[in-house]
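# Structural overview for review
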Amino acid sequence: MGARKGKGGSGTASPAPVAAALTDPSAVLKGVESPEGIIVAALTTALDAVKAGVDASQRRMVEDTDKRLESLFERLAAKQLQPPVLAQLLTLANALNARDFPTANATVMSLMTTSFDQEGKWLLGVKRLVELYQRV
């Protein structure tokens with residue numbers, strides 16, 4: 001009945017949350033007082049878990065991911081993201097909070113195909129964070 005959560009499952013996500021963020025971002029963002037805060041909190045929680053769970057060989061990758069996320073956090077604080085990107089990031093944050101990795105991965109792939117040209121610097125960090133977070 002619910003969304004697939006955790007490390008199991010087939011790895012496929014229902015496209016509904018991702019599609020909604022693309023087609024009607026205002027519906028995704030409606031009633032959410034601070035989407036930026038939710039996004040920052042979810043990504044920070046995931047990053048903290050990754051930092052605590054990776055071995056020394058991946059430390060440099062985590063540091064680079066952290067730097068890339070700082071770029072995103074700056075853009076969020078300055079409210080420089082377009083509503084479709086913000087809606088997709090909110091969908092991603094909710095998926096990460098639920099450890100719903102199929103939806104998280106589908107959202108990242110959608111962002112990569114629709115927003116990479118403008119948002120590529122931090123988007124690579126988000127992609128890497130989701131990959132690492134799945135392993136811890």
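Throughout this document, residue positions are counted from 1 along each chain, in the order its sequence is written. Two thresholds apply to this predicted model, a pLDDT of at least 70 for residue-level local features and 80 or more for giving and counting side-chain atom pairs, whereas whole-chain, interface and lining totals are computed over all residues. Derived side-chain values reflect all non-hydrogen atoms in the structure, with water molecules and hydrogen atoms excluded from consideration.

Attention shifts here to the confidence of the model for the protein. Chain-level statistics for the protein give a pLDDT mean of 89 and a share of 88% at 70 or above. Predictor confidence is given residue by residue as pLDDT, running from a minimum of 0 to a maximum of 100. Every residue pair with non-hydrogen atoms within 4.5 Å of one another is taken to be in contact. Throughout residues 1-13 the model reports pLDDT below 50, and contacts reaching past four residues in sequence, or to other chains, amount to 20 contacts.

Look at helix α4 (residues 59-77): 27 Å from first C-alpha to last across 19 residues, which is about the 27 Å you get at 1.5 Å a residue. For each residue, the accessible area found with a 1.4 Å probe, counting protein chains only, is set against the maximum for its type, and the residue is called buried under 20%, exposed over 50%, and partly exposed in between. Helix and strand assignments come from DSSP, with helices taken as H or I runs of at least 4 residues and strands as E runs of at least 2, each series counted from the N terminus. What α4 keeps buried is the set Val62, Thr65, Arg68, Leu69, Ser71, Leu72, Phe73 and Leu76. The inward-facing, buried residues of α4 abut α3 (35-53), α5 (83-97) and α6 (101-135). Just beyond α4, the residue with positive phi is Lys79, at close to 55°. Here a helix's expected span is defined as the number of its residues, less one, multiplied by 1.5 Å.

Now for the pattern of salt bridges. Each reported salt bridge corresponds to a side-chain nitrogen of Lys or Arg within 4 Å of a carboxyl oxygen of Asp or Glu. This structure, assessed with the given rule, holds six salt bridges. The shortest N-O distance in the salt bridge between Asp64 and Arg68 comes to 2.9 Å. One end of the pair is Asp64 and the other is Arg68, both in helix α4 and four residues apart, which spans about a single turn. According to the relative accessible area criterion, Asp64 is partly exposed, its value standing at 26%.

Another point: the packing of aromatic side chains. Pairs were defined over the aromatic rings of Phe, Tyr and Trp, the Trp ring being its six-membered one, requiring ring centres within 6.5 Å. Orientation was assigned from the angle between planes: stacked under 30 degrees, edge-to-face over 60, tilted for the rest. One pass over the structure, following the stated rule, counts one aromatic pair. Both a distance and an angle decide whether a charge sits over a ring: NZ of Lys or CZ of Arg must be within 6 Å of the ring centre and within 35 degrees of the ring normal. Here the guanidinium or amino end of Arg99 rests over the ring plane of Tyr133, the centre of that ring lying 4.6 Å away.

Attention now moves to the nonpolar core. Nonpolar side chains in soluble globular proteins tend to be buried together. Core analysis: the largest hydrophobic core is formed by 37 residues, its most contacted members being Leu43, Leu72, Leu89, Leu92, Leu96 and Trp122. Counting residues per element, the ones that place at least two in this core are α2 (25-29), α3, α4, α5 and α6. Beyond its immediate chain neighbours, meaning those up to four positions away, Leu72 contacts Leu43, Leu81, Leu89, Trp122 and Val126. Put simply, buried Ala, Val, Leu, Ile, Met, Phe, Trp, Tyr and Cys residues joined by side-chain atoms within 4.5 Å make one nonpolar core.

Let us now look at α5. With 15 residues, α5 extends 21 Å between its outermost C-alpha atoms, agreeing within 8% with the 21 Å of an ideal straight helix rising 1.5 Å per residue. Taken across its 15 residues, α5 has eleven buried, putting it largely inside the fold. What α5 keeps buried is the set Val85, Leu86, Ala87, Gln88, Leu89, Leu90, Thr91, Leu92, Ala93, Ala95 and Leu96. Backbone geometry just downstream of α5 places Arg99 in the positive-phi region, at approximately 55°.

Each axis is a line fitted through C-alpha atoms, taken for helices only over the stretch in contact, and angles between the N-to-C directions span 0 to 180 degrees. Viewed as axis vectors pointing N to C, α3 and α4 meet at an angle of 170°, and their least axial separation amounts to 11 Å. Viewed along their axes, α3 and α4 adopt a mutual orientation that is roughly antiparallel. Between α3 and α4, the contacting residues are Glu36, Ile39, Val40, Leu43, Thr44, Leu47, Val50 and Lys51 on the first element and Arg59, Val62, Thr65, Asp66, Leu69, Leu72, Phe73 and Leu76 on the second. Three classes are used: nonpolar for Ala, Val, Leu, Ile, Met, Phe, Trp, Tyr, Cys and Pro, charged for Asp, Glu, Lys and Arg, and polar for all others, with Gly counted as polar. Of the residues in the contact of α3 with α4, the class split is ten nonpolar, two polar and four charged. For this classification, under 35 degrees means roughly parallel, over 145 means roughly antiparallel, 65 to 115 means roughly perpendicular, and everything else is oblique.

Tracing the sequence through the fold places Lys30 in the loop between α2 and α3. For the pair formed by Lys30 and Ala87, sequence separation is 57 residues and the distance between their alpha carbons is 9.7 Å.

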